[in-house]
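Structural features, examined
The chain contents come next:
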Amino acid sequence: MLRSPLGRLRLIGLVEGASFLLLLGVAMPLKYLADMPMAVRVVGSAHGGLFLLFLVALYQAADDRSWGFGRVATAFIASVVPFGTFVFDRSLRAEEAGTPPAAA
């Protein structure tokens, strides 16, 4: 999976998406319901770093695969919507396998 820019994008996207859900579903409630702001600081910092890695991986994959603006914009939007990277990963998996993605 790490041998190609597309594989790296898939892996980083899945980890980044999981960190986003952890931030929203665990750290934020801990901050506001249990008065534990450190949870957001730790998870938020990790998520921020993973998001930056996602952007680098997105640039590399887009350059390698000659993606147009629409495909890059879709990937970016997927990265800021909860569960978006997991949905977008389906089309990346299909592209990696050489099959056309299913129509949305």
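For the structure given in this document, a descriptive report is provided here. (Residues numbered from 1 in each chain as written. Predicted model: local features only at pLDDT ≥ 70, side-chain atom pairs only at ≥ 80, totals over all residues. Heavy atoms only, no water.)

Bringing the packing of helix H1 (residues 5-33) against helix H2 (residues 37-65) into the picture now. Between H1 and H2, whose axes approach to 8 Å, the crossing angle comes to 160°. Taken together, the axes of H1 and H2 are roughly antiparallel relative to one another. As for how H1 packs across H2, the hand of that crossing is left-handed. For the contact of H1 with H2, the per-class residue count stands at 22 nonpolar, five polar and five charged. (Axes fitted to C-alpha atoms, helices over the stretch in contact; angles between N-to-C directions. Helix = DSSP H or I, 4+ residues; strand = E, 2+ residues; numbered from the N terminus. Parallel < 35°, antiparallel > 145°, perpendicular 65-115°, else oblique. Left-handed = near helix turned anticlockwise from the far one by under 90°. Nonpolar A, V, L, I, M, F, W, Y, C, P; charged D, E, K, R; others polar.)

The geometry of H1 relative to helix H4 (residues 84-97) is characterised by a closest axis approach of 10 Å and an angle of 165° between their N-to-C directions. With respect to H4, the axis of H1 lies roughly antiparallel. Viewed along their axes, H1 and H4 form a crossing whose handedness is left-handed. Residues Leu-6, Gly-7, Leu-9, Arg-10, Gly-13, Leu-14, Glu-16, Gly-17, Ala-18 and Leu-21 of H1 lie in contact with H4, whose contacting residues are Thr-85, Phe-86, Asp-89, Leu-92, Arg-93, Glu-95 and Glu-96. Here the residues of the contact of H1 with H4 are counted per class, giving seven nonpolar, four polar and six charged. (Contact = heavy atoms within 4.5 Å.)

The next thing to look at is unusual backbone geometry. Despite not being glycine, Asp-35 has its phi angle at roughly 50°, a positive value. With respect to the helices and strands, the residue Asp-35 is situated in the loop between H1 and H2. In this structure, Ser-66 takes a positive phi of about 55° despite not being glycine. Tracing the chain through its elements places Ser-66 in the loop between H2 and helix H3 (69-79).

So, to be careful, I would describe these as geometric facts and stop short of saying anything about function.
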